[in-house]
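Descriptive structure summary
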Amino acid sequence: MNLSESDIATIWLTLKLATTVTVLLLIVATPIAWWLAKTRSWLKAPISALVSLPLVLPPTVLGFYLLLAMGPNSAIGKLTQSLGLGTLPFTFWGLVVASMVYSMPFVVQPIQNAIEAIGNRPLEAAATLGAGPVDRFFTVALPLAKPGFMTAWVLGFAHTVGEFGIVLMIGGSIPNETRVVSVQIYDHVESLQYAQAHALSGAMLVFSFVVLLVLYTYQHKRKAIGMTYGQ
Amino acid sequence: MDSNDEKLGESNAARCDVIKARFQTSYQPRANDHFELNVDIDIPGQGVTAIFGESGSGKTTLLRCIAGLESNVTGRLRVNGELWQDHKICLATHKRSLGYVFQEAYLFEHLTAFGNLQYAIKRSVQPANSDFLEQVINVMGIECNLSQLPEQLSGGERQRVAIARALLTRPKLLLMDEPLASLDTPRKLEILPYLERMRSSFNIPIVYVSHAVDEIVRLADHVVIMQSGKNIAQGDIAQLFSRIDLPLGIGNEVGAILECNIVARDMKWHLMRVAFDGGNLWLPIVDNSDNSTLRVRVLANDVSLTLTPHSDSSILNVLSGQIVEVVNDQAPAMALVRLKVGESYLLARITQKSLQSLSLIKGKSVYIQIKSAAIVR
């Protein structure tokens with residue numbers, strides 16, 4: 001394995017991106033998953049469909065719309081510019097936003113499944129024991145839904161590491177800013193550097209296999225709730 | 001222990017009176033199905049009140065309304081002087097000083113049995129001290145299970161831990177929703193003695209939902225009968241069980257309840273004489289008859305009627321009484337007869353044929369032969 005300095009840099013950038021996206025996604029996706037698991041509103045179906053869109057849309061379509069949405073003439077673009085942040089496309093944070101949208105269903109669904117599997121009764125039992133809503137969430141729902149959160153974490157992280165199309169659309173290939181492993185491999189292949197493409201691709205393959213192996217081993221052991229991949 | 005008893009004493013003084021509950025709510029359990037609850041009850045602020053009714057009669061919904069677990073409920077709830085709900089306020093469940101035992105135990109699977117108990121203690125307004133904790137663990141008999149996870153416990157053990165957990169919140173009211181219904185008969189018989197010990201050890205008013213007559217006659221002091229979302233009758237258990245206009249058990253289960261005192265023991269024949277408000281009965285001495293008061297259940301099937309006293313019968317207990325009411329039984333061959341004996345009532349289930357051949361009608365004096373009577377508590 002002969003990884004060049006720029007290869008190492010893309011690996012670090014990829015890990016940084018995936019970690020940032022996963023942490024932010026868990027914070028954003030948990031309330032959405034909770035709402036989807038509990039609501040009886042007619043909005044449940046449209047919101048579910050919206051969250052799941054990245055499962056079926058080509059990343060280019062998603063990337064294209066995000067590019068327009070975050071562009072200099074859009075509402076978001078004007079807001080970020082007025083805040084002195086410039087525009088988001090072709091920056092690390094633009095990539096974070098796009099990746100969050102793209103990986104959302106992989107994080108929302110395991111959490112939603114876990115919360116649905118717990119049901120209301122343990123939470124009602126906690127309420128009769130004097131636990132308020134926040135207390136119930138942290139002391140009952142969270143521990144019982146832990147396997148679902150683990151799955152969400154792993155899938156969210158792995159899926160962000162593995163994305164390509166949307167990165168190309170939103171991020172391009174700027175070293176240390178948006179050039180992640182998948183893009184680097186593409187560049188290597190385009191410039192016919194097969195040895196380097198091999199090294200990085202091999203690393204990705206091993207990484208992905210190990211992640212899924214760990215996930216399924218854990219699932220098998222726990223027979224736990226809310227662990228289905230995608231759905 | 002002393003400090004405990006003091007605390008219990010204090011709260012006794014405060015819980016002067018009654019639980020007044022008035023609720024209206026409605027929902028659709030299934031499409032094309034509408035359920036409406038309309039309840040107005042006053043129940044004693046102490047002892048065990050059973051909410052009795054067939055499934056779908058609204059018993060559990062009523063209990064959930066008391067606990068504040070149902071949404072869209074209008075009404076009023078006052079528990080021993082404390083207002084929990086009216087048109088202006090509605091305390092959230094976790095602000096109501098209650099314990100709730102669900103049909104399934106609903107222990108927290110991620111905590112040990114002891115962790116489950118601690119969960120309750122930590123959130124109690126007046127946390128249980130170690131004496132009280134020890135007492136609860138003893139009474140429920142879960143000493144050996146404390147370090148186990150819920151998935152390692154049997155159904156009966158889970159339910160006992162759940163009851164202990166509810167008691168440790170030091171509730172002003174304990175709500176129990178068919179706590180034995182999910183258990184098989186041997187487990188039920190295993191838990192009933194613990195429930196009886198709990199009833200006598202802790203002075204907490206209990207509302208106990210059940211459709212099982214045998215549980216109610218053992219545990220309850222007071223009964224509310226529910227039908228189609230309404231309370232159709234309520235009162236003292238002996239009084240209600242001697243009525244024949246209520247759906248209190250069918251066929252073999254119909255029977256009157258007598259509250260008795262032991263007045264004499266005859267060791268030669270291994271019998272004891274017990275007195276009730278209206279007469280005496282001879283009953284076999286039972287091992288646990290240390291307490292001098294007993295609750296005796298006389299099934300209507302075990303009562304027969306004669307017009308003259310028989311001295312040549314094997315039946316030991318013969319009382320004289322008067323017929324106050326006769327109704328048809330669900331079985332076409334049978335009739336139910338309500339009898340007044342002194343201040344108490346008994347029921348007899350006899351054939352329509354005998355009813356006619358002996359011309360048993362309201363007001364007639366008869367001799368009542370009791371073939372057997374069960375000591376239920």
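For the structure itself, consult the block above.
Here is a short report on the structure shown in this document.

The rules behind each value
Residues numbered from 1 in each chain as written. Chains lettered and ligands numbered in written order. Predicted model: local features only at pLDDT ≥ 70, side-chain atom pairs only at ≥ 80, totals over all residues. Heavy atoms only, no water. Helix = DSSP H or I, 4+ residues; strand = E, 2+ residues; numbered from the N terminus. Rg over C-alpha atoms; globule rule 2.2 N^0.38 Å. Buried < 20%, exposed > 50% of the residue type's maximum accessible area, 1.4 Å probe, protein only. Contact = heavy atoms within 4.5 Å. Areas by Shrake-Rupley, 256 points an atom, 1.4 Å probe, with all protein chains shown as cover. Lys, Arg positive; Asp, Glu negative; His and termini not counted. Charge placed at Lys NZ, Arg CZ, Asp CG, Glu CD. Salt bridge = Lys/Arg side-chain N within 4 Å of Asp/Glu carboxyl O. Expected span 1.5 Å × (residues − 1). Bend = angle between axes of the 7 residues up to and from the residue. Buried area = accessible area lost by both parts, 1.4 Å probe. Polar contact = N/O pair within 3.5 Å; in protein donor to acceptor, adjacent residues only side chain to side chain. Nonpolar A, V, L, I, M, F, W, Y, C, P; charged D, E, K, R; others polar. Pairing = 2+ DSSP bridges. Axes fitted to C-alpha atoms, helices over the stretch in contact; angles between N-to-C directions. Phe/Tyr/Trp six-rings, centres within 6.5 Å; stacked < 30°, edge-to-face > 60°. Lys NZ or Arg CZ within 6 Å of the ring centre and 35° of its normal.

1. Describing the overall build of chain B
In terms of helices and strands, chain B carries nine helices and 20 strands. For chain B, whose C-alpha radius of gyration is 23 Å, the value lies close to the compact-globule estimate of 21 Å for 377 residues. Taking the principal axes of its C-alpha atoms as reference, chain B extends roughly 65 × 55 × 40 Å. Expressed as a percentage of the 377 residues in chain B, the buried residues total 49%. In chain B, 68% of the contacts between residues at least 6 apart in sequence involve partners at least 24 apart. Total accessible area on chain B is roughly 17,300 Å²; 48% of this is exposed by carbon and sulfur atoms. Mean positive and mean negative side-chain charge positions of chain B (39 and 41 charges, respectively) differ by 3 Å.

2. Thoughts on the pattern of salt bridges
Residue and element names in this part refer to chain B. In total, this model carries 20 salt bridges over all chains according to the counting rule given. Salt-bridge contacts for glutamate 82 lead to lysine 172; the nearest nitrogen and oxygen are separated by 2.8 Å. With glutamate 82 in strand β5 (residues 82–85) and lysine 172 in the loop between α5 (155–167) and β7 (173–177), this residue pair connects regions lying 90 residues apart in the sequence. Residue classification places lysine 172 among the partly exposed positions, given a relative accessible area of 39%. One salt bridge connects glutamate 259 with arginine 295, and the closest N-O pair in it is separated by 3.1 Å. Placement of glutamate 259 in strand β11 (residues 255–266) and of arginine 295 in strand β14 (residues 293–299) is noted, with a sequence separation of 36 residues between them. Classification of arginine 295 as buried rests on a relative accessible area of 1%.

3. Describing helix α1 (residues 5–38) of chain A
Between the first and last C-alpha of α1 of chain A there are 49 Å, a value that for 34 residues agrees with the 50 Å anticipated at 1.5 Å per step. Alanine 29 of chain A marks the point of greatest bend in α1 of chain A, at about 30°, and the proline proline 31 of chain A comes within the next four residues.

4. With respect to the interface of chain B and chain A
Taken residue by residue, the interface counts 17 residues in chain B and 18 residues in chain A. Together chain B and chain A conceal approximately 1,600 Å² of surface at their shared face, both sides included; 65% is due to carbon and sulfur atoms. Ranking the residues of chain B by area buried against chain A places His94, His110 and Arg123 of chain B at the top, with a combined share of 35%. When the shortest N-O distance is used, the salt bridge between arginine 123 of chain B and aspartate 135 of chain A registers 2.6 Å. Summed over the shared surface of chain B and chain A, the result is four residue pairs in polar contact (both at pLDDT 80 or more). For the side of chain B that touches chain A, the secondary structure elements donating two or more residues are β6 (98–101), α3 (113–123) and α5 of chain B. The element contributing the most residues to the side of chain B that touches chain A is α3 of chain B, with three residues. Class assignment for the residues of the side of chain B that touches chain A results in nine nonpolar, four polar and four charged.

5. Some details on the environment of glutamine 227 of chain B
All names here are of chain B. Looking at the element boundaries, glutamine 227 is found in strand β9 (residues 222–227). When its relative accessible area of 34% is taken as the criterion, glutamine 227 is described as partly exposed. Along the backbone, glutamine 227 and serine 154 are 73 residues apart, and their C-alpha atoms lie at a distance of 34 Å. Among all residues touching glutamine 227, those that are not within four sequence positions of it are Ser57, Ile232 and Pro247.

6. Topic: the sheet that holds strand β13 (residues 279–284) of chain B
With antiparallel pairing, five strands are arranged side by side in an open sheet as β13-β12-β11-β14-β20 (chain B). Unpaired on one side and paired on the other, β13 and β20 (374–375) of chain B mark the two borders of the sheet.

7. Quick word on the sheet that holds strand β19 (residues 365–370) of chain B
Residues and elements named next belong to chain B. Pairing in this open sheet of five strands is antiparallel, and the strands run β15-β19-β16-β17-β18 from one edge to the other. The outermost strands of the open sheet, each flanked by one partner alone, are β15 (303–306) and β18 (344–351). Across the sheet, the mean angle from the axis of one strand to that of its neighbour is 45°, orientation sign disregarded. Across six bridges, strand β16 (residues 317–328) lies against strand β17 (residues 334–341) in antiparallel orientation. Within β17, the residue paired with valine 327 across the bridge is leucine 336.

8. Describing the packing of aromatic side chains
Evaluated as defined, the whole model comprises eleven aromatic pairs over all chains. Ring geometry for phenylalanine 102 of chain B against tyrosine 106 of chain B: centres 5.5 Å apart, planes inclined by 90°, an arrangement best described as edge-to-face. Cluster of aromatic residues (ring-pair linked, three or more members): Trp34, Phe137 and Phe138 of chain A. Lying over the aromatic face of phenylalanine 132 of chain B, arginine 170 of chain B brings its terminal NZ or CZ to 4.0 Å of the ring centre.

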